[in-house]
Amino acid sequence: MRLIQISDCHLCANPEARSRIGYPLRQLRAVVAQARRLRPDIVLVSGDISHDESPAAYRHAFEVFAEFECPWFWMTGNHDHPAFMEELHPFHDELDLGEWRLLLLDSRVPGQAGGELGQAALQDLAMRLEEDDRPTLLAMHHPPLEIGSAWMDALGLADREALWQTLAAYGQVRAVLCGHIHQAFAKRHGDIAVYGCPATADQFLPRRDEFTLDEASRPGFRIIDLEGQQLSTWVERVDP
């Protein structure tokens, strides 16, 4: 089973719109073209599809993601407009990966850059984990731990400690996939790995106290291969 994670596209209504250092729609097309060559079984887009929350931005994204020969799914980030997304392509909260499962958690807080799951969502997560002990991946937009950049750590998952307390009872959770941070990232919290994904738009320079672009880094995406009980993952970079 091959899962590909794409994140933080930041598209605008204008297809030729420029970001700070690139052209987001051109870069997304290049990422998807390379990802298709790796023959994924399933694709997850982990939020911030749009930058301006316009219906047209989601139409651009939908047209590009429709080029995949496999099923694809998206989830919201802090920049997104859920109603516009759902009009084009439905949301899912769980994906069957055969011997594994993937649970999608909504960390978006309307009007805020940071994220939060909330007590009700954490209780629901615990119930879902009680029902199935297959190896499990979680996905959310916001990172559930600090990444070492002060400005971004202030905009992460506000109730991260409550999440880890919830997960302590469930050994089947193997990894958490996140977006939001615009950079490759890997760290462990106990036995659970946390993987961040490069953006298809601009990249952020790691380990900085203040917002800093990484002008030398290219757009990218994450590959997650699942074979039996084993998970392997790496990042691919793309020349836009």
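Right above here is the structure, for reference.
Not measured: the values here are computed from a predicted model. Residue numbering note: each chain is counted from 1, following its sequence as written. Owing to the predicted nature of the model, reporting of local features is limited to residues with pLDDT of at least 70; listing and counting of side-chain atom pairs is limited to 80 or more, with chain, interface and lining totals taken over all residues. The basis for every side-chain value is the complete set of non-hydrogen atoms in the structure, without hydrogens or water.

Glancing now at the packing of helix H1 (residues 24-37) against helix H2 (residues 55-65). Working note: a packed helix pair is described by the angle between its axes plus the distance between those axes. Across the interface, H1 lies against H2 with an axial gap of 10 Å and an inter-helix angle of 20°. Viewed along their axes, H1 and H2 adopt a mutual orientation that is roughly parallel. Relative to H2, H1 is oriented so that their crossing is right-handed. On H2, the residues that touch Leu25, Leu28, Arg29 and Val32 of H1 are His60, Ala61, Val64 and Phe65. Classes in brief: Ala, Val, Leu, Ile, Met, Phe, Trp, Tyr, Cys and Pro nonpolar; Asp, Glu, Lys and Arg charged; the others, Gly included, polar. Here the contact of H1 with H2 is composed, by residue class, of six nonpolar, one polar and one charged. Whenever a helix is involved, its axis is fitted only over the stretch in contact; in every case the axis is a line through C-alpha atoms, and angles between N-to-C directions fall within 0 to 180 degrees. Put simply, DSSP H or I for four residues or longer makes a helix, DSSP E for two residues or longer makes a strand, and each gets a number counted from the N terminus. By definition in this entry, angles of less than 35 degrees are roughly parallel, angles greater than 145 are roughly antiparallel, angles of 65 to 115 are roughly perpendicular, and the rest are oblique. Working rule for handedness: look at the near helix, and if it is turned counterclockwise from the far one by less than a right angle, call the crossing left-handed; if clockwise, right-handed. Here a residue-residue contact requires only that any non-hydrogen atoms of the pair lie within 4.5 Å.

Take the environment of Asp191 next. By the element assignment, Asp191 lies in the loop between strand S8 (185-189) and strand S9 (192-196). Here Asp191 falls in the exposed class, since its relative accessible area comes to 68%. With 23 residues separating them in the primary sequence, Asp191 and Ala168 have C-alpha atoms 9.6 Å apart. Note on classification: 1.4 Å probe, protein chains only; a residue is buried when its accessible area is under 20% of the maximum for its type, exposed when over 50%, partly exposed between these limits.

Strand pairing is assigned whenever DSSP detects at least two bridges linking the two strands. A sheet is described by the order of its strands in space; here five strands give the open sequence S3-S2-S1-S10-S11, paired in mixed fashion. Each edge of the open sheet carries a strand with a single partner, namely strand S3 (72-74) and strand S11 (230-237). Ignoring strand direction, the axes of neighbouring strands in this sheet form an average angle of 20°. Pairing analysis gives four bridges linking strand S1 (residues 2-6) to strand S10 (residues 220-227), with the strands arranged antiparallel. Opposite Gln5, over in S10, you have Arg222 as the bridge partner. Contacts from H2 reach S1, strand S2 (42-45) and S3 within the one sheet, and its direction differs from that of S3 by about 155°.

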